[in-house]
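Overview (structure and organization)
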Amino acid sequence: MKKISFRDIGLKYTLSPYDKPVAYVNPGESIVIEVEDACSGQIRKAGDMRDRRKIPFGNPVVGPIYVEGARKGGILTVFIEDIKPTIGQGATYLSEFSEKYLTEVPMLRFLKSGLPSKVKICKIENNTVYFDRIKLPYKPMIGTIGTAPHPEIEGISSSLLPGKHGGNMDLPDVCPGNKISFPIFHDGALLYVGDVHAIQGDGEISGTAVEMPAEITLKVDVGNERINWPRIESNREMMCVATTGPGRSFEDAIRLAFLELVLWIEERYGIDRFDGLMLCSQVGKIRVGNLWTVAAKIEKKHLTG
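This write-up is about the structure you can find in this document.

1. Brief notes about the overall build of the chain
- Helix and strand counts for the chain stand at five helices and 18 strands.
- Taking 305 residues into account, the globule formula puts the C-alpha radius of gyration at 19 Å, and the chain, at 19 Å, falls close to it.
- In terms of its C-alpha atoms, the chain occupies a principal-axis envelope of roughly 55 × 45 × 40 Å.
- When the 305 residues of the chain are sorted by exposure, 53% land in the buried category.
- The contacts of the chain with a sequence gap of at least 6 include a subset with a gap of at least 24, amounting to 77%.
- On the chain, roughly 14300 Å² of surface is accessible, and the fraction owed to carbon and sulfur atoms is 53%.

Written out as structure tokens, the structure is:
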């Protein structure tokens, strides 16, 4: 099994199709990837702060990983086998990004006010995340994962807007035991991964989860099917992802995710798309990642009669 670490190859802050691959893997092969946290390791103890003068970008990733046999126009499927914390802790914090995330219109700055800079170090032990004396369940997930996008269609930043290629989706369902499929825009797929969270709620409303460095074990596969947006599948549910974008509101993203889900239901289960649309109106659910990403989902038990 191959293993790569950011310690040996460095960190990237884009999902770029122009970078030289850091590893080559075959379909069906597993790979272990050690990643840094979303603030590039700047926050390790109380009193540490995010310093954008030294590291201006967030959400560092490892990649690209070249998948043999992956062809432009096909799909890459990633099975998330395991996520382990590497230093036994994570951090959540408020920073200048939190203010922008909560209120894009700079009203607080206009009023010469702002959120306080604040850091909370959270120990991770025995499947528990310690938020001071509050015990939270350890629910690890990958915040940023995707294929290199087409640069004329979507931005390649690892820290901002996601899109059809995946990217900074922050969806809690991108977790161990699930698989996620991406459209491929370049031969080799060019997979990037990073920004692991020990736990995160819907919307990630403060702008950060419990961010942690981690060791991720993934298995990759390729296919020739065509999909328009990422898809996530668990043993119990199937989900389609959509995001905001130029001329595409959050409401549009919800509509788009459900329409993609309905077409997938028709493709897999033979349920007429108009019946599927009505069915999703009764038992469909929405998962909110960050404030740009949604996943429309349905439990498979509703599709088998």
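Picking up where we left off.
2. Observations concerning helix α4 (residues 250–269)
- The terminal C-alpha atoms of α4 lie 28 Å apart, and with 20 residues this matches the ideal 28 Å at 1.5 Å per residue to within 8%.
- Those residues of α4 that fall on the buried side of the exposure criterion are Ala253, Ala257, Phe258, Glu260, Leu261, Val262, Trp264 and Ile265.
- Where the residues of α4 are buried, they touch β15 (231–233), β16 (237–243), α5 (273–283), β17 (285–288) and β18 (293–299).
- Capping the start of α4 is the job of one residue whose side-chain oxygen sits 3.3 Å from the backbone nitrogen of Glu251: Ser249.
- Immediately beyond the C-terminal end of α4, within one or two residues, lies Gly270, with a positive phi of roughly 70°.

3. Here's the deal with the sheet that holds strand β7 (residues 118–125)
- The antiparallel open sheet is built from four strands, whose spatial order is β6-β7-β8-β9. Bordering the open sheet on either side are β6 (89–94) and β9 (134–137), each of which pairs with just one other strand. Neighbouring strand axes in the sheet, compared pairwise and without regard to direction, differ in orientation by 30° on average.
- Bridge count for β6 against β7 is six bridges, and the pairing is antiparallel. Paired with Leu94 across the two strands is Lys118, which belongs to β7.

4. Some thoughts on a nonpolar patch on the surface
- The grouping of Leu102, Leu115, Ile205 and Leu291 at the surface amounts to a nonpolar patch, some 330 Å² of accessible area in total.
- Secondary-structure assignment places Leu115 in the loop between α3 (107–110) and β7.
- For Leu115, a relative accessible area of 33% translates into the label partly exposed.

5. Overview of the pattern of salt bridges
- This structure, assessed with the given rule, holds 27 salt bridges.
- The salt bridge involving Glu267 is made with Arg231; its shortest N-O contact spans 3.6 Å. Separated by 36 residues along the polypeptide, Glu267 in helix α4 and Arg231 in strand β15 bring together distant segments of the chain.
- When its relative accessible area of 54% is taken as the criterion, Glu267 is described as exposed.
- A relative accessible area of 12% places Arg231 in the buried class.

6. Quick word on the nonpolar core
- Ranked by internal contacts, the top residues of the largest apolar core, which has 43 residues, are Ile33, Val78, Ile83, Ile142, Ile145 and Leu218.
- Apart from residues no more than four positions distant in its own chain, Leu218 is found in contact with Glu29, Ser30, Ile31, Ile33, Val78, Phe79, Ile80, Glu81, Ile142 and Leu191.

7. Description of the sheet that holds strand β10 (residues 141–147)
- One open sheet accounts for five strands, arranged β2-β4-β13-β10-β11; its pairing is mixed. One side of each edge strand has no neighbouring strand; the edge strands of this open sheet are β2 (23–25) and β11 (166–168). Pairs of neighbouring strands in the sheet enclose a mean axial angle of 35°, with direction left out of account.
- Sheet analysis places β10 next to strand β13 (residues 191–197), joined by six bridges and oriented antiparallel. Counted as the bridge partner of Met141 is His197 from β13.

Parameters at a glance
- Residues numbered from 1 in each chain as written.
- Predicted model: local features only at pLDDT ≥ 70, side-chain atom pairs only at ≥ 80, totals over all residues.
- Heavy atoms only, no water.
- Helix = DSSP H or I, 4+ residues; strand = E, 2+ residues; numbered from the N terminus.
- Rg over C-alpha atoms; globule rule 2.2 N^0.38 Å.
- Buried < 20%, exposed > 50% of the residue type's maximum accessible area, 1.4 Å probe, protein only.
- Contact = heavy atoms within 4.5 Å.
- Areas by Shrake-Rupley, 256 points an atom, 1.4 Å probe, with all protein chains shown as cover.
- Expected span 1.5 Å × (residues − 1).
- Polar contact = N/O pair within 3.5 Å; in protein donor to acceptor, adjacent residues only side chain to side chain.
- Pairing = 2+ DSSP bridges.
- Axes fitted to C-alpha atoms, helices over the stretch in contact; angles between N-to-C directions.
- Patch = residues over 30% accessible without salt bridge, like charges linked within 9 Å, V, L, I, M, F, W, Y side chains within 5 Å.
- Salt bridge = Lys/Arg side-chain N within 4 Å of Asp/Glu carboxyl O.
- Core = buried A, V, L, I, M, F, W, Y, C linked by side-chain atoms within 4.5 Å.

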